[in-house]
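Observations on the model geometry
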Amino acid sequence: MKKLLLLLGAILVISFISADSMNVELPLGSEFSSGDPIVFKVNLYDSQNKLMEGDILVEIKDSEKRTSEKTVKANQLTTLQLNENTASGQGVITAKYEELQPAIEFFYIGSKELAQFELEKDTLKITNVGNTPYSRTIKITIGDTTRDKEISLDIGKSITYKLIAPEGVYNIKVTDGKTSLTRGNVELT
């Protein structure tokens, strides 16, 4: 009977071991670019500082407080893909588990000033596909003539231009020095 009580007592003690603390690790560093994967791990510890299993709710916010949530396994590397338009600046990972104080880790998302150029017949569309306001000088070449155009676009915004030249067929090039679009045999009037 004593052995049975001791065994029951040991089982009760083991079953009451609960999580005592946790932390978030960024093993590959804390600087990322939009579109990159964030690799992290949430470690969950008991009162004797031993790793424990558990499902952790993780919330990731970018500098504009846009949020994504994911449930992850404790003590395992996890990858979360950042969107191409994830805002530049400081982000934060918050891990929550039951009644524990949340674990917080900060990271940095670098600026990506990037435009996309599209040409449909005689219409040029420029879209900011980066994660920061886009402000650059665009060079538009129609045949042998080049003109500069100052562009300022907020994140996700677009502007269109109608390309005009004497009636004919032209080679067109649009560039900001980083991104370029080249088209041949474009008919303009």
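See the structure printed just above.
To start, this report covers the structure provided alongside it. The shown structure was predicted, so the numbers you read here are calculated from the model rather than taken from an experiment. (Residues numbered from 1 in each chain as written. Predicted model: local features only at pLDDT ≥ 70, side-chain atom pairs only at ≥ 80, totals over all residues. Heavy atoms only, no water.)

**A look at the environment of aspartate 144**
The line we're drawing: Comment: elements are numbered from the N terminus, with helices defined as DSSP H or I runs of at least four residues and strands as E runs of at least two. A 1.4 Å probe rolled over the protein chains alone gives each residue an accessible area, and that area as a share of the maximum for its type sets the label: buried under 20%, exposed over 50%, partly exposed in between.
The residue aspartate 144 is located in the loop between strand 11 (134–142) and strand 12 (145–153) in this model. Note on aspartate 144: relative accessible area 82%, which makes it exposed. Distance in space between the C-alpha atoms of aspartate 144 and isoleucine 38 is 46 Å, their sequence separation being 106 residues.

**Examining unusual backbone geometry**
Positive phi values are uncommon outside glycine, yet glutamate 98 reaches one of about 45°. By secondary structure assignment, the location of glutamate 98 is in the loop between strand 7 (89–96) and strand 8 (103–110). A relative accessible area of 64% means that glutamate 98 is categorised as exposed. In the Ramachandran plot, lysine 121 falls in the positive-phi region, its phi being about 55° despite a non-glycine side chain.

**Observations regarding the sheet that holds strand 3 (residues 37–46)**
The strands that make up a sheet are held in pairs by hydrogen bonds between backbone atoms, and each pair lies either parallel or antiparallel. Rule in force here: Two strands qualify as a pair provided DSSP detects at least 2 bridges between them. With axes taken as lines fitted to C-alpha atoms, and helix axes fitted only over the stretch in contact, angles between N-to-C directions fall between 0 and 180 degrees.
Sheet architecture is open: 3 strands sit in the order 1-3-6, paired in antiparallel fashion. Both edges of this open sheet fall to strand 1 (19–25) and strand 6 (78–81), since each of them pairs with a single strand only. Strand-to-strand twist in this sheet, taken as the mean axis angle between neighbours without regard to direction, amounts to 30°. Two strands pair when backbone bridges link them, and strand 1 and strand 3 are joined in this way by 6 bridges, in the antiparallel orientation.

**Quick look at the sheet that holds strand 9 (residues 115–120)**
Across the sheet, which stays open at both edges, the 3 strands sit in the order 9-10-13 with antiparallel pairing between neighbours. The outermost strands of the open sheet, each flanked by one partner alone, are strand 9 and strand 13 (158–162). Along the sheet, successive strands turn relative to each other by an average axial angle of 20°, direction set aside. Both strand 9 and strand 10 (residues 123–128) contribute to a ladder of 6 bridges, which runs antiparallel. Bridging across to strand 10, phenylalanine 117 finds its partner in isoleucine 126.

These values are about where atoms sit, not about what they do.
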